[in-house]
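Coordinate analysis (summary)
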Amino acid sequence: SFSEQQNLAILRTLHHKWASCCTALWFPIMDATRTANMYRRVSGSGVGPALACEVRIDYGSNASASNHVLLRSGVVVVRPPPDLEVALRETLPSLCSFLAPHPEHRAEA
């Protein structure tokens, strides 16, 4: 899609101007195939190592349609700091609990 092409172009530009910078790219996950394609494109782009992280929030069947606007969200971090993956594994469960505080809600990372 056009926005994915723009995001990849921005990542490449940042890589060329500041080859050692750490870059985070947030995106809504609307389609699993589209997300997998984006991950493949980032990893094959030559911008450096990348770490992907996703969070899914389920507000249950009783929630109104307006609560289902954003069910999943992701972040790709290009050239992540060395300990970021460990920190995310430790922190994301608390974030999920915060985002889905009611028993009928579920969150997973």
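Residues numbered from 1 in each chain as written. Predicted model: local features only at pLDDT ≥ 70, side-chain atom pairs only at ≥ 80, totals over all residues. Heavy atoms only, no water.

Here we come to helix H2 (residues 32-43). The α-helix advances 3.6 residues per turn, and as a result positions three or four apart in sequence lie on the same side. Over its twelve residues, H2 extends 17 Å from the first C-alpha to the last, a length consistent with the 16 Å expected when each residue adds 1.5 Å. Regarding H2, the residues found buried are Thr35, Met38 and Val42. Buried residues in H2, looked at end-on, bunch into an arc of 60°, giving them a common side. H2 presents Ala32, Thr33, Arg40 and Ser43 as exposed residues on the side facing more than 90 degrees away from its buried surface. Where H2 begins, one side-chain oxygen reaches toward the backbone nitrogen of Thr33, 3.0 Å away; that side chain belongs to Asp31. (Helix = DSSP H or I, 4+ residues; strand = E, 2+ residues; numbered from the N terminus. Expected span 1.5 Å × (residues − 1). Buried < 20%, exposed > 50% of the residue type's maximum accessible area, 1.4 Å probe, protein only. Arc of directions from axis to C-beta. Polar contact = N/O pair within 3.5 Å; in protein donor to acceptor, adjacent residues only side chain to side chain.)

Before going further, it helps to spend a moment on empty space enclosed by the protein. Under the counting rule described, the total for this entry stands at one cavity of 30 Å³ or more. Space inside the largest cavity adds up to approximately 50 Å³. Along the walls of the largest cavity sit Glu4, Asn7, Leu8, Leu11, Leu25, Met38, Arg41 and Val42, which together make up its complete lining. Those elements giving two or more residues to the lining of the largest cavity turn out to be helix H1 (2-17) and H2. Across the lining of the largest cavity, the residue classes tally to five nonpolar, one polar and two charged. (1 Å grid on protein atoms, 1.4 Å probe; cavity = no way out; pocket = protein on both sides within 12 Å on 5 of 7 lines; lining within 4 Å. Points joined across faces, edges and corners; volume = space filled by probe spheres on them. Nonpolar A, V, L, I, M, F, W, Y, C, P; charged D, E, K, R; others polar.)

This part takes up unusual backbone geometry. At Arg79, a residue that is not glycine, the phi angle is positive and equals roughly 55°. Take Arg79: it is sitting in the loop between strand E3 (72-78) and helix H3 (84-99).

Let's shift gears to the pairing of strand E1 (residues 23-28). Where burial is concerned, the two faces of E1 differ: the one with Thr23, Leu25 and Phe27 is buried and the one with Ala24, Trp26 and Pro28 is not. As judged from the six bridges shared by E1 and E3, these two strands associate in the antiparallel manner. Following the sheet pairing, Phe27 is matched in E3 by Gly74. (Pairing = 2+ DSSP bridges.)

Our focus in this paragraph is the pattern of salt bridges. Enumeration over the complete set of coordinates arrives at three salt bridges. Among the ionic pairs, Arg34 bridges to Glu4, the shortest N-O distance being 2.5 Å. Residue Arg34 is found in helix H2, and its partner Glu4 is found in helix H1; the two are separated by 30 residues along the sequence. For Glu4, a relative accessible area of 14% puts it in the buried group. Here Glu54 and Arg72 are joined by a salt bridge, their closest N and O atoms 2.6 Å apart. Of this pair, Glu54 sits in strand E2 (residues 50-58) while Arg72 sits in strand E3; the two residues are 18 residues apart in sequence, bridging distant segments of the chain. (Salt bridge = Lys/Arg side-chain N within 4 Å of Asp/Glu carboxyl O.)

Purely spatial values, then, with no claim about function.
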